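Observations on the model geometry
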Amino acid sequence: MEMKLVEEAIKERLQMLRTFTSTPGHGVTRLPFSNEARRAADYLKEEMEKAGLTSVWMDAVGNVRGRLEADEPETQTIMMGSHYDTVKNGGAYDGIAGVVCAIETAKAIKRSGMHRRYALEIIAFNDEEGMMFGSGCLGSKALMGMVDQNDIRRLNDENGISIEEWMHRWGSRPEEIPALALDADQIRAFFEIHIEQGPVLDAGGKEIGIVDCIVGLLRCMVTVRGRADHAGTTPMHMRRDAIGIASKVISRLDQLADSQDNGSVATCGFIRAYPNAMNVIAETCEFTMDLRSREEESIERMMAEAETILKDCCAETGAGYEVDIKLRQKPVAMSRPIMDILCETCRENEYSFQKMISGAAHDSMIFADKTETAMVFVPSREGRSHCPQEYSEYGHLAKAVKIVYETIVKMNQE
Ligand code: HGY
Ligand code: MN
Ligand code: MN
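Our subject in this report is the structure included herewith.

Definitions and limits used
- Residues numbered from 1 in each chain as written.
- Chains lettered and ligands numbered in written order.
- Predicted model: local features only at pLDDT ≥ 70, side-chain atom pairs only at ≥ 80, totals over all residues.
- Heavy atoms only, no water.
- Donors = N, O, S within 2.8 Å, 3.2 Å for Na, K, Ca; no water.
- Buried < 20%, exposed > 50% of the residue type's maximum accessible area, 1.4 Å probe, protein only.
- Core = buried A, V, L, I, M, F, W, Y, C linked by side-chain atoms within 4.5 Å.
- Helix = DSSP H or I, 4+ residues; strand = E, 2+ residues; numbered from the N terminus.
- Near = heavy atom within 4 Å.
- Polar contact = N/O pair within 3.5 Å; in protein donor to acceptor, adjacent residues only side chain to side chain.
- Areas by Shrake-Rupley, 256 points an atom, 1.4 Å probe, with all protein chains shown as cover.
- Nonpolar A, V, L, I, M, F, W, Y, C, P; charged D, E, K, R; others polar.
- Salt bridge = Lys/Arg side-chain N within 4 Å of Asp/Glu carboxyl O.
- Phe/Tyr/Trp six-rings, centres within 6.5 Å; stacked < 30°, edge-to-face > 60°.
- Lys NZ or Arg CZ within 6 Å of the ring centre and 35° of its normal.

1. As for the coordination of the manganese ion (ligand 2)
For the manganese ion (ligand 2), every protein donor is listed as His83 (NE2), Asp94 (OD) and His194 (NE2), and the spread of their distances is 2.1 to 2.3 Å. Mapped onto the sequence, the residues coordinating the manganese ion (ligand 2) show the spacing H-x10-D-x99-H. Classification of Asp94 as buried rests on a relative accessible area of 5%.

Here it is in structure tokens:
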């Protein structure tokens, strides 16, 4: 594998893909079903075709897919990919670097001329982040037959537009989704190259991370329903202050996470009040909670304690609240046998590596219960991600391609 050429190809593609953003100069914003997503999808289709993939197409939920067929009949498929949507004002590597690396891996396999026992399918997933609709992993869930048609109508963006409506605008129909479900028995394994998005590899001076577990997570939108009143004349004991109640929960999230004593994390990343006026006690306050842990019990404990605070505050004041669960995902383990081959391949190439947990969610977690799944991380400079400062070295991405390519070659010879 010509490493310099691979590195250059990755760099060239990522520098083009980062221009497909609705916030130029302020990071990359490429939301599902947006014009930027369409331009990126069209570009990825071209690049997959140039790499020699066949049956290149975009499916009903906006996944872009291409294949290298096997040299043997009735065989299984190795799948590899990541997502091409981003968070708002995000970086130029999260997800998309893994898509570009998957295309490079397919190119190397095609060029090697090796006998392919397994087919290879490359996928650029849509809507992994959940930025618009809160849930996330729409593209990978569609392939694993996990999309609930009710959610397609129920989940909507902050302007109240549902996934269903966005699909119609995109030119597809929710009724096409069930047919996308794959037979997991036909999948030999799923691979994902991804930036670490945290500080571990960069701080430890390691080139490669071999993921052993992806944390579980619970994402929800909480709506506190209080009562608008005059900020000056309403005594404190008579208030149903929706922001006041929300802030009591939000301000306890760090303590809820730390008390689990196992690296659990809890985040409020979104808050919106009504009427949002300086001299009016807030009538409603919506806020998100993103709770994550390697232990499912910790997630349940953090959620239960947050709800207790809400219940107590509402009982005291007469306010009310609702919790809308957007995503609930158990912690998942990666494939031990494939991890062993990846580690062996790092040693053969003398790449510094370590096994590690993923604190970020990934499309891999949707595959992990159904097929052997493996993730390879590269360092994120200073651990930064989900921001314009996100950066990973093209050389590290090329090394990740080499590791996965050589692992897939070994699996084709098994
Ligand atoms: O939220 C996450 O962990 C991922 O970036 N979607
Ligand atoms: Mn990602
Ligand atoms: Mn992300």
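More follows now that the structure is in view.
2. Considerations on the nonpolar core
By size, the foremost hydrophobic cluster in this structure holds 106 residues, and its most contacted members are Ile10, Tyr84, Phe191 and Leu397. Top element by residues in this core is helix α13 (residues 394-412). It accounts for 11 residues. Listed in part, the 26 residues of the second largest apolar core include Ile245, Ala246, Met302 and Ile309.

3. Some thoughts on the site of ligand 1
Contacts to ligand 1 come from Glu128, Glu129, Arg219, Arg292, Ala360, Ala361 and His386. In the environment of ligand 1, a nitrogen atom lies 2.9 Å from a nitrogen or oxygen atom belonging to the side chain of Glu129. Between ligand 1 and Arg292, the relevant distance is 2.6 Å, taken from an oxygen atom to a side-chain nitrogen or oxygen of the residue. Within the complex, 94% of the 220 Å² of free accessible area of ligand 1 lies under protein. Its residues assigned to classes, the shell around ligand 1 comprises two nonpolar, one polar and four charged.

4. Side note on the pattern of salt bridges
Tallied over the entire structure, the rule returns 29 salt bridges. The salt bridge involving Lys4 is made with Glu7; its shortest N-O contact spans 3.2 Å. Residue Lys4 and its partner Glu7 are both found in helix α1 (residues 3-17); the two are separated by three residues, about one turn of the helix. Put simply, Asp290 and Arg292 hold a salt bridge, and the shortest N to O gap is 2.6 Å.

5. Regarding the packing of aromatic side chains
The full count for this structure, using the stated rule, is seven aromatic pairs. On the basis of an interplanar angle of 75 degrees and a centroid distance of 5.5 Å, the ring pair of Phe33 and Trp170 is categorised as edge-to-face. With Phe33 in the loop between α1 and α2 (35-50) and Trp170 in helix α6 (residues 163-170), this residue pair connects regions lying 137 residues apart in the sequence. Each member of the pair, Phe33 together with Trp170, is buried. Where Phe125 meets Phe190, the ring centres are 6.0 Å apart and the plane angle is 50 degrees; that geometry is what we call tilted. Separated by 65 residues along the polypeptide, Phe125 in strand β4 (residues 119-125) and Phe190 in strand β5 (residues 187-195) bring together distant segments of the chain. The residues Phe125 and Phe190 share a single accessibility class, namely buried. Connected via pairs of aromatic rings, a cluster forms that spans Tyr93, Tyr391 and Tyr394. One cation-aromatic arrangement involves Arg38 over Trp170; the distance from NZ or CZ to the ring centre is 4.0 Å.

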